[in-house]
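What the coordinates show
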Amino acid sequence: MITRTRLTVLFAAMATAGGMALAPAAQADEEAPTVRELLDKCDNGTDSCVFHPDGPGTDSTGEAHQVGDSAYNCTQDLQRSSISWADTTGESNSVGVSLSAEYGFAEVFKVSIETSYGHTWESSHTETDTTNVDVRPGEVGWVTRESQLQRVKGTYELHFEDKFHGHYIWYAPFDATGPKPDAPSTKTQHTRPMTDQEKAEHCG
């Protein structure tokens, strides 16, 4: 049996679907596959495919955005408005493909997250609620929401039985951001005076 030499392949990552996994210049005897092309081979032409997280995921807060309708107070009294809303937080990743899809590399990623961190990966999370806003006369009220996110960065290690683009082993960088499981979002009530146009539209 011929002993195969383990090749350490350097890679360069771009946080887009066009990111390339590159072989060393001395070894670049054929065009290197993109990260997406490599990941499509994960458990679909590889002897083994494993995702190695770089470390604990990092938490962040999503951008504040309005949820539900605005409440306009056209009366002379303070009004408490109950604003019902539903809001979905999705995911993003460096290859631009939803991890909820039936791709081999997506399943490998989710298994690794559950094994490493003890919780499942959520591709999307929908929250519904009703928030009370006290709106003074002549003002408009609304609610904003900031979701809790987690970001995981790491590397796929792919082993091929036969050389793939000149190598038996490839490494592909990958990172993903998605809703943090079981983490409450931040809801904030806002009010401001209505503009003349808003008064004409809603109180005329």
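Because the structure is a prediction, the values reported are computed rather than measured.

How each quantity is defined
- Residues numbered from 1 in each chain as written.
- Predicted model: local features only at pLDDT ≥ 70, side-chain atom pairs only at ≥ 80, totals over all residues.
- Heavy atoms only, no water.
- Phe/Tyr/Trp six-rings, centres within 6.5 Å; stacked < 30°, edge-to-face > 60°.
- Helix = DSSP H or I, 4+ residues; strand = E, 2+ residues; numbered from the N terminus.
- Buried < 20%, exposed > 50% of the residue type's maximum accessible area, 1.4 Å probe, protein only.
- Salt bridge = Lys/Arg side-chain N within 4 Å of Asp/Glu carboxyl O.
- Polar contact = N/O pair within 3.5 Å; in protein donor to acceptor, adjacent residues only side chain to side chain.
- Pairing = 2+ DSSP bridges.
- Axes fitted to C-alpha atoms, helices over the stretch in contact; angles between N-to-C directions.

Per the stated rule, a full pass over the model turns up ten aromatic pairs. Taking the centre distance of 5.2 Å and the plane angle of 85° together, the rings of Phe 109 and Trp 121 count as edge-to-face. Placement of Phe 109 in helix 2 (residues 104–117) and of Trp 121 in the loop between helix 2 and strand 6 (125–135) is noted, with a sequence separation of twelve residues between them. A single burial state applies to Phe 109 and to Trp 121, both of which are buried. Between Phe 160 and Phe 164, the ring centres sit 4.8 Å apart and the planes meet at 15°, which makes this aromatic pair stacked. Across the pair, Phe 164 and Phe 160 agree in class, each one buried. An aromatic cluster is defined as three or more aromatic residues linked by ring pairs; in this entry it consists of Phe 51, Tyr 103, Phe 105, Phe 109, Trp 121, Tyr 156 and Phe 174.

This paragraph deals with the pattern of salt bridges. Pairing is possible between side chains that carry opposite charge, provided their charged atoms lie close to one another. Under the criterion given, the structure shown has nine salt bridges. Between Lys 180 and Asp 59 there is a salt bridge, and its shortest N-O distance comes to 2.6 Å. Taken together, the residues Lys 180 in the loop between strand 9 (167–179) and strand 10 (186–193) and Asp 59 in strand 2 (residues 58–61) connect sequence positions 121 residues apart. The class of Lys 180 is partly exposed, set by a relative accessible area of 32%. For the salt bridge of Lys 187 with Glu 127, the shortest nitrogen-to-oxygen distance reads 3.0 Å. With Lys 187 in strand 10 and Glu 127 in strand 6, this residue pair connects regions lying 60 residues apart in the sequence. Given the relative accessible area of 29%, Lys 187 is considered partly exposed.

This paragraph deals with the side chain of Thr 144. Within the secondary structure, Thr 144 sits in strand 7 (residues 139–146). One polar contact links Thr 144 to His 190, side chain to side chain, over a distance of 2.8 Å.

Pairing is antiparallel across the open sheet formed by three strands, whose spatial order is 3-7-10. Because the sheet does not close on itself, it has two edges, and the strands there are strand 3 (65–72) and strand 10. Neighbour to neighbour, the strand axes of the sheet diverge by 20° on average, direction disregarded. In this sheet, strand 10 lies alongside strand 7 in antiparallel orientation, the contact comprising eight bridges. Each bridged residue has a counterpart across the sheet, and for Thr 144 the counterpart in strand 10 is Thr 188.

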